[in-house]
2 protein chains.
Amino acid sequence: MCEASAYIIKDGKPELIMDSVDKAEPDENGIRLISIFGEQKIIKGSIHSLSLVDHKIFIQETPEAH
Amino acid sequence: MCEASAYIIKDGKPELIMDSVDKAEPDENGIRLISIFGEQKIIKGSIHSLSLVDHKIFIQETPEAH
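Conventions and cut-offs
Each chain has its residues counted from 1, running along the sequence as written. Written order determines the labels here, with chains lettered from A and ligands numbered from 1. Selection of residues for local features in this predicted model requires a pLDDT of at least 70, selection of side-chain atom pairs for listing and counting requires 80 or more, and totals for whole chains, interfaces and linings are taken over all residues. Note: side-chain values were computed over all heavy atoms of the structure, leaving out hydrogens and water. Any residue with relative accessible area above 30% and no salt bridge may belong to a patch, with like charges joined within 9 Å and the nonpolar Val, Leu, Ile, Met, Phe, Trp and Tyr side chains within 5 Å. For the area figures, the Shrake-Rupley method with a 1.4 Å probe applies, and any residue is considered shielded solely by the protein chains shown. Salt bridge criterion: a side-chain nitrogen from Lys or Arg within 4 Å of a carboxyl oxygen from Asp or Glu. Secondary structure follows DSSP: runs of H or I at least 4 residues long count as helices, runs of E at least 2 residues long count as strands, and numbering of each begins at the N terminus. The term disulfide is used for any two cysteine sulfur atoms that are within 2.5 Å. Buried means the residue's accessible area, taken with a 1.4 Å probe over protein chains only, is under 20% of the maximum for its type, while exposed means over 50%, and partly exposed covers the values in between. Copies overlap after least-squares fitting; the atoms used are the C-alpha atoms of residues with pLDDT of at least 70 in both. Contacts are assigned to residue pairs with any non-hydrogen atoms lying within 4.5 Å of each other. Reported buried area values correspond to the accessible surface (1.4 Å probe) lost by two parts on association, with both partners' losses combined. In protein, a polar contact requires one atom able to donate a hydrogen and another able to accept it; more generally it is a pair of N or O atoms within 3.5 Å, and residues adjacent in sequence count only if both atoms are side-chain atoms. Here the nonpolar group is Ala, Val, Leu, Ile, Met, Phe, Trp, Tyr, Cys and Pro; Asp, Glu, Lys and Arg are the charged ones; every other residue, Gly included, is treated as polar.

Caption draft 1: Up close: a nonpolar patch on the surface. A surface patch of nonpolar side chains, about 270 Å² in accessible area, is lined by Ile36(A), Phe37(A) and Val53(B). Along the chain, Phe37(A) falls in the loop between strand S3 (30-35) and strand S4 (40-43).

Caption draft 2: Local environment of the state of the cysteines. Under the definition given, this model contains one disulfide over all chains. Two residues, Cys2(A) and Cys2(B), share a disulfide whose sulfurs are 2.3 Å apart. Between Cys2(A) and Cys2(B) the sulfur-sulfur dihedral comes to about -75°; the bridge is accordingly left-handed. Taken as a pair, Cys2(A) in the segment before strand S1 (4-10) and Cys2(B) in the segment before strand S1 (4-10) lie in two separate chains rather than in one. Accessibility classification places Cys2(A) together with Cys2(B) in one group, the buried group.

Caption draft 3: Structural context of the pattern of salt bridges. Residue and element names in this part refer to chain A. Tallied over the full model, the rule gives six salt bridges over all chains. Between Arg32 and Asp27 there is a salt bridge; the shortest N-O distance is 2.8 Å. By relative accessible area, Arg32 is classed as partly exposed at 23%.

Caption draft 4: Region of the structure containing the relation of the copies chain B and chain A. Of the transformation superimposing chain B on chain A, the axial component is 0.0 Å and the angular component is 180°, with the fit at an RMSD of 0.0 Å. Taken together, the rotation and translation describe the operation of a two-fold axis. Considering only C-alpha atoms, the part of chain B nearest the rotation axis is Cys2(B), at 2.6 Å. The share of interface residues of chain B whose copies in chain A are also at the interface is 100%, consistent with both copies meeting through the same surface.

Caption draft 5: The arrangement of the interface of chain B and chain A in detail. Listed per partner, the contact involves 22 residues of chain B and 22 residues of chain A. Overall, the association of chain B and chain A removes approximately 1,700 Å² of surface from exposure, summing both partners, and the carbon and sulfur fraction of that is 66%. Its largest share of buried area at the contact with chain A, chain B owes to Cys2(B), Leu50(B) and Leu52(B), together 38% of the area lost on that side. Joining chain B to chain A, the criterion identifies two salt bridges. A salt bridge links Asp54(B) to Lys23(A), with the shortest nitrogen-to-oxygen separation between them at 3.9 Å. The interface formed by chain B and chain A holds eight residue pairs in polar contact (both at pLDDT 80 or more) in total. Those elements giving two or more residues to the side of chain B that touches chain A turn out to be strand S2 (13-27) and strand S5 (45-51) of chain B. With six residues, the top contributor of residues to the side of chain B that touches chain A is S2(B). For the side of chain B that touches chain A, the class distribution of residues is 13 nonpolar, four polar and five charged.

Below, the structure is given as structure tokens:
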């Protein structure tokens, strides 16, 4: 299986948010992650980069509006 | 191996641009794709969505400035 782990980049550091991610799709509130088990998470951010052989997806957090 | 094929979405239709993609990274001109063979391509666009179990990466083309 070729699922990956999703990390959010916060203050330049990756933080694990979800394992076994199959799909990532744009959502009105950011990005929707869907695992191979059907679990879903919506993250305020966008896909920053991928390293598929390492099974990693990096998501850049959307800065909060002030 | 868990590489994927990258498609660019043009007029709503996916068009294959690169096979065996390992990494995708932001570049000043868009997104840099790097294959498991070290081949590189820079695409004017951003990562739209992923379907990893299907080995697919979708890239949204950046609209040309007019």
